[in-house]
Amino acid sequence: MTESGKPILYSYFRSSCSWRVRIALALKGIDYEMMPINLVKDGGQQFSKEFQALNPMKQVPALKIDGITIGQSLAIIEYLEETRPTPRLLPQDPKKRASVRMISDLIAGGIQPLQNLSVLKQVGQENQLTWAQNAITSGFNALERILQSTAGRYCVGDEVSMADLCLVPQVANAERFKVDLTPYPTISRINKTLLALEAFQVSHPCRQPDTPAELRA
C-alpha cells in the first residue's frame, strides 16, 4: 500500500496475467497505483533484486494490498473476491463456481504458460510462432467445446466471472500470434461482448501507463 493507502499493482502492459487483475480491479471499482515492470527492457526488470524481493517467481502481476503482497493472478482475483465481494466474480451456485474455476485454470494453467515469454525464449526464435499457435489452438479446441455447454452471454451464464477475465487476454494473445479464430465461434462471440464493457476497455493493454506510443489506442 502507498502512503495514500492505495494498493500497488506491479504490471506490464502486454502481460495477459496482469490484464486479468486490471479487469478485476476495474470491475470492483478499486483505485490503485500502477508500478510498471518492463519484462523486456534491461534484460527484464522482473529479474531485479528489488522485484524478486516482492515476487520470488520473477513474474507479474504482483499486488500490494492490505499489508500483504500477492503474486499469481488467480490468487489475487480470489483475494479481491473474498475481501471486496461486489460485484461478484464467482457465482453463488457451487456448480457454476466450479465451471468458472475450471475454465480459469484451463487458460491460466493449460494455455498461457505454454506460450509465455519465458517459454518462447527456450524454443528458439524460428520456432516461437508455431509453438505458440499450437499451444493456443490445442487449448482453444478444448475451451470451445466446454463453453458450448457453460456459456450464456458470458463464459458461465449471464454474469461476468473470473473465467471471462482469463478469456479476453488469452484471445488477445491468440490474435497477436496470428491464430485463426474461425473454428472458435463461441470464444469469439463472448470475447466481442466482453470487450464492449468499460472495465475491459480501461484495462486494455493499449491504454496503460507503460504502453508504447506506437501501440496506444
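- Looking up the protein in an unreviewed UniProt entry gives the name Maleylacetoacetate isomerase, with the organism given as Microcebus murinus.
- UniProt's Pathway (unreviewed entry) comment on the protein is quoted here verbatim: "Amino-acid degradation; L-phenylalanine degradation; acetoacetate and fumarate from L-phenylalanine: step 5/6."
- In its Subcellular location (unreviewed entry) section, UniProt records this for the protein: "Cytoplasm".

### Quick word on the packing of helix H4 (residues 94–110) against helix H7 (residues 162–176)
Then, in step 1: For the pair H4 and H7, interaxial distance at closest approach is 8 Å and the crossing angle is 25 degrees. With respect to H7, the element H4 is oriented roughly parallel. The handedness of the crossing between H4 and H7 is left-handed. Seen from H4, the contacting residues are Val 100, Arg 101, Ile 103, Ser 104 and Ile 107; seen from H7, they are Met 162, Ala 163, Cys 166, Leu 167 and Gln 170.
Then, in step 2: Here the contact of H4 with H7 is built from residues that sort into seven nonpolar, two polar and one charged.

### Considering the UniProt feature "domain: GST C-terminal" (unreviewed entry) in the protein
Then, in step 1: Sites flagged by UniProt as "domain: GST C-terminal" (unreviewed entry) map to residues 93–213.
Then, in step 2: With 64% helix and 0% strand, residues 93–213 has end C-alpha atoms that lie 44 Å from one another.

What counts and what doesn't
- Residues numbered from 1 in each chain as written.
- Predicted model: local features only at pLDDT ≥ 70, side-chain atom pairs only at ≥ 80, totals over all residues.
- Heavy atoms only, no water.
- UniProt positions renumbered as here; feature names shortened; annotations may be inferred.
- Axes fitted to C-alpha atoms, helices over the stretch in contact; angles between N-to-C directions.
- Helix = DSSP H or I, 4+ residues; strand = E, 2+ residues; numbered from the N terminus.
- Parallel < 35°, antiparallel > 145°, perpendicular 65-115°, else oblique.
- Left-handed = near helix turned anticlockwise from the far one by under 90°.
- Contact = heavy atoms within 4.5 Å.
- Nonpolar A, V, L, I, M, F, W, Y, C, P; charged D, E, K, R; others polar.

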